[in-house]
Amino acid sequence: MNKDKAVVVFSGGQDSTTCLFWAKQRYAHVEAITFQYGQRHAAELDCAASIAEELDVPHHVLDMSLLNQLAPSALTRDIPIETMDNGLPSTFVEGRNLLFLSFAAVLAKQIGARHIVTGVCETDFSGYPDCRDNFIKSLSVTLNLAMDYPFVIETPLMWLDKKETWALADRLGAFDFVRTRTLTCYNGIVADGCGECPACRLRAAGLKDYLLEREGGVRS
Ligand SMILES: [Zn+2]
């Protein structure tokens, strides 16, 4: 195991919880950071806090409510979740990952952590430009220069689709935990969620594909 410390950008959802397990298996000390910015449901924060506590991970919650002043997004205000005219979902908050990763870096340096782990993913990136690999590489350089500190941004999910993210959770021994304890649903329902919203549909489709593959693997 790497003796370095890591900070995981953590929402309590499927992706970031998988990243938390990934980091715990890799680094001697892991802390989690959650950003509060008027998420649709307090359930999301409660879920993140209880997962962090159960996994014995120090948990930092940062107030980012100023995002509400900047972005009229479906996650922060009561507007429908849908695809907008520009092709982006209405859940988009412009520059969110740029801001979150920069704040995570400030915290990481304070606690002596070089590694910042985030569940961003280019495969399912829904058009969010700051989820892309070239942006993450660019920001790594910028953070190193900005703080004169050798940050490494780790993106274990960057090239995985949802099925492969379930497979990774399974390899980490976290499949049941991620399936039953995480909250991805836009309607604030843990585990399988409401089954109707775009986040639930994406999660369920990946899970179905993975379970089919896993069952197929057992038979052969
Ligand atoms: Zn849902």
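- An unreviewed UniProt entry lists the chain under the name 7-cyano-7-deazaguanine synthase, with Paenibacillus sambharensis as the source organism.
- For the chain, the Subunit (unreviewed entry) comment in UniProt is given as "Homodimer."

**Considering the overall build of the chain**
In step 1: If you tally the helices and strands in the chain, you get 8 helices and 5 strands.
In step 2: Listing each helix as α and each strand as β along the chain from the N terminus yields β-α-β-α-β-α-α-β-α-β-α-α-α.
In step 3: Nonlocal contacts in the chain, meaning residues at least 24 apart in sequence, comprise 65% of its contacts between residues at least 6 apart.

**Observations regarding the UniProt feature "binding site: ATP" (unreviewed entry) in the chain**
In step 1: UniProt records the feature "binding site: ATP" (unreviewed entry) for F10, S11, G12, G13, Q14, D15, S16, T17, T18, C19 and L20 in the present numbering.
In step 2: With respect to the secondary-structure elements, G12 resides in the loop between β1 (2-9) and α1 (14-26).
In step 3: If near-sequence neighbours (up to four positions away) are discounted, G12 is found in contact with T17, E44, C47, A48, I51, T182 and L183.
In step 4: Along the chain, D15 turns up in helix α1.
In step 5: Sequence-distant contacts of D15, that is, excluding residues within four places in its chain, are made with G119, C121, L157 and T165.

**Some thoughts on the packing of helix α4 (residues 96-110) against helix α5 (residues 133-147)**
In step 1: Where α4 meets α5, the axes come as close as 11 Å, and the angle between the chain directions of the two elements is 45°. Of the possible angle classes, the one that applies to α4 and α5 is oblique. In the crossing of α4 with α5, the sense of the turn from one axis to the other is right-handed. Contacts from L98, L101, A105 and K109 in α4 reach L139, L143 and M147 in α5.

**Describing the nonpolar core**
In step 1: By size, the foremost hydrophobic cluster in this structure holds 52 residues, and its most contacted members are V8, A23, A104 and I116.
In step 2: If we skip the residues at most four places from it in the chain, V8 touches S16, C19, L20, A23, V30, A32 and V117.

Calculation rules
Residues numbered from 1 in each chain as written. Predicted model: local features only at pLDDT ≥ 70, side-chain atom pairs only at ≥ 80, totals over all residues. UniProt positions renumbered as here; feature names shortened; annotations may be inferred. Helix = DSSP H or I, 4+ residues; strand = E, 2+ residues; numbered from the N terminus. Contact = placed C-beta atoms within 7 Å. Axes fitted to C-alpha atoms, helices over the stretch in contact; angles between N-to-C directions. Parallel < 35°, antiparallel > 145°, perpendicular 65-115°, else oblique. Left-handed = near helix turned anticlockwise from the far one by under 90°. Core = buried A, V, L, I, M, F, W, Y, C linked by C-beta atoms within 7 Å. Buried ≥ 20, exposed ≤ 12 C-beta atoms within 10 Å, placed from the backbone.

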